[in-house]
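Inside the fold
Spelled out, the chains give:
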Amino acid sequence: MPPRPEQAVPDSAAAAAVALSGVRHQYRARGRGVLALDGIDLLVEPGEALAVVGPSGCGKSTLLRMIAGFLRPTHGRITVGGTPVTRPGPDRGVVFQQPRLFPWLSVRANVAYGLREAGVPRRSRLPRVEELLDLVGLGDVGGLRPYELSGGMQQRAAIARALAPDPGILLLDEPFAALDALTRERLQDELRRIWLRTGKTLVLVTHSVDEAALLGSRIVVLSPRPGTVVLDQRSELPRAEHPRTEPEFARRREQILAAVRGDARPADPAPVHI
Ligand SMILES: Nc1ncnc2c1ncn2[C@@H]1O[C@H](COP(=O)(O)OP(=O)(O)OP(=O)(O)O)[C@@H](O)[C@H]1O
Ligand SMILES: [Mg+2]
């Protein structure tokens, strides 16, 4: 049956990796409505690294869960590659704040899990898994169990697992928030390298202004709940060779922080986590 006219996806949305149009989400909690997000219109281009920043409770995870297909918007529509999102799919890999690996499986088997589920034969699975473990710097620990790894290594394994089915889109919800500053910095650099190498579309939710400035080729700042877009900027910084030392880095983080604060005051020079 052809789609009804009001269901047709506009060309711009069909060409986008992810398109959100008039998206609103209201939870019901204890008989009360909680409006988490409102009036979100975003076209995420293929290959873009979208960093979504905003204060706690503004609806960032809600936004990501709707794109992932775990949650339906109460209003508006979301399409991925022009197709309305109704459920999770292999075109979207998800990385959560906690690695959520299967403790009874080796790191290698965890990474291979999605491929096995998709019916990829063992012969083609194995080289793909080794390639991914190398990509995230875990080439020599594939035989270990997750509890034998550090938190940062577990999170790298979770990234490899999400990349295994070769999704066009990688959705990450505060993936490095639980890690120490040094590990976090290292994984930010690795994620940037993976993005540059694979050309995947990223949607990265973060509390960290520095992380958004460093990794976002597009940066969206949300207001306090209900989250609405208060800043939407493109940036070339993630493509620089050494983005942390570029003068643009300081300028960009000040701009993001001003938008988060709702004013134009520049940030203090220390790393900022909101
Ligand atoms: N299942 C739920 N039922 C009711 N309300 C919810 C539910 N999940 C989230 N909320 C509410 O929706 C709002 C947005 O939540 P969400 O988790 O998306 O925020 P967030 O921006 O990810 O916050 P944080 O930065 O703290 O992770 C919050 O006010 C939260 O209390
Ligand atoms: Mg959240």
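Residues numbered from 1 in each chain as written. Chains lettered and ligands numbered in written order. Predicted model: local features only at pLDDT ≥ 70, side-chain atom pairs only at ≥ 80, totals over all residues. Heavy atoms only, no water.

Details of the packing of helix α3 (residues 107-117) against helix α5 (residues 151-163)
Threshold: All axes are obtained by fitting lines to C-alpha atoms, using only the stretch in contact for helices, and the reported angles, taken between N-to-C directions, cover 0 to 180 degrees. In this text, helices come from DSSP runs of H or I with a minimum length of four residues, and strands from runs of E with a minimum of two, each type numbered from the N-terminal end. Should an angle lie under 35 degrees it is considered roughly parallel, over 145 roughly antiparallel, and from 65 to 115 roughly perpendicular; all remaining angles are considered oblique. Handedness of a crossing follows from how the near helix is turned relative to the far one, being left-handed for an anticlockwise turn of less than a right angle and right-handed for a clockwise one. Whether two residues are in contact is decided by their heavy atoms: any pair within 4.5 Å suffices.
It is the contact of α3 with α5, at a shortest axis distance of 7 Å, that shows an interaxial angle of 30 degrees. Between α3 and α5, the angle is such that the two are roughly parallel. Pair α3 / α5 crosses with right-handed handedness. Note on element contacts: α5 touches α3 through Ala157, Ala160 and Arg161, opposite Val107, Asn110 and Val111.

Description of the pattern of salt bridges
Worth spelling out the cut-off: Salt bridges are defined as contacts in which a side-chain nitrogen from Lys or Arg sits within 4 Å of a carboxyl oxygen from Asp or Glu.
Tallied over the full model, the rule gives 16 salt bridges. For the salt bridge of Asp166 with Arg128, the shortest nitrogen-to-oxygen distance reads 4.0 Å. Linking Asp166 in the loop between α5 and β7 (169-173) with Arg128 in helix α4 (residues 122-135), this pair joins segments that are 38 residues apart in sequence. In this structure, Glu248 and Arg251 form a salt bridge, with 3.1 Å as the shortest nitrogen-oxygen distance. You can see Glu248 and its partner Arg251 sitting in helix α8 (residues 247-261), three residues apart, about one turn around the helix.

Things to note about the pairing of strand β4 (residues 75-80)
Put simply, side chains in a regular strand alternate between the two faces of the sheet. Let me state the cut-off plainly: When DSSP finds at least two bridges between two strands, those strands are taken to pair.
Of the strand pairs in this sheet, strand β1 (residues 18-29) and β4 are connected by five bridges, and their pairing is antiparallel. Bridge pairing in β4 links Leu20 to Ile78. Inspection of the sheet shows β4 paired to strand β5 (residues 83-84) by two bridges, in the antiparallel sense. In the strand pairing of β5, Thr79 is matched with Pro84. Here β4 hands over to β5 after two residues, with Gly81 in that stretch at a positive phi of 55 degrees.

Thoughts on the site of ligand 1
Selection criterion: Nearness of a residue to a molecule or strand requires only that one of the residue's heavy atoms be within 4 Å of it. Pairing of N or O atoms within 3.5 Å defines a polar contact, subject to two protein rules: one partner must be a possible hydrogen donor and the other a possible acceptor, and residues neighboring in sequence count only if both atoms are side-chain atoms. Residue exposure ignores everything except the shown protein chains as possible cover, and the areas themselves are Shrake-Rupley values with a 1.4 Å probe. As a working rule, the residues Ala, Val, Leu, Ile, Met, Phe, Trp, Tyr, Cys and Pro are called nonpolar, Asp, Glu, Lys and Arg charged, and the rest polar, with Gly in that last group.
Ligand 1 sits among 13 residues. The nearest are Ser56, Gly57, Lys60, Thr62 and His207. With respect to ligand 1, the side chain of Ser56 contributes an N or O atom lying 2.6 Å from an oxygen atom. Taken by itself ligand 1 offers 630 Å² of open surface, and the protein chains cover 65% of this. Of all the elements in the fold, those that place two or more residues in the shell around ligand 1 are β1 and α2 (60-68). Sorting elements by how many residues they give to the shell around ligand 1 places α2 first, with three residues. Its residues assigned to classes, the shell around ligand 1 shows five nonpolar, six polar and two charged.

Re the sheet that holds strand β3 (residues 49-53)
Here we have six strands laid out as an open sheet, ordered β6-β7-β8-β3-β9-β10, and mixed in their pairing. On the outer flanks of this sheet lie β6 (92-95) and β10 (229-234), each paired with one strand and no other. Going across the sheet, the axis of each strand differs from the next one's by a mean of 15 degrees, ignoring polarity. Relative to β7, β6 is paired through four bridges, and the arrangement is parallel. In the strand pairing of β7, Gly93 is matched with Leu170. Contacts from helix α6 (residues 181-198) reach β3, β7 and β8 (201-206) within the one sheet, and its direction differs from that of β8 by about 160 degrees.

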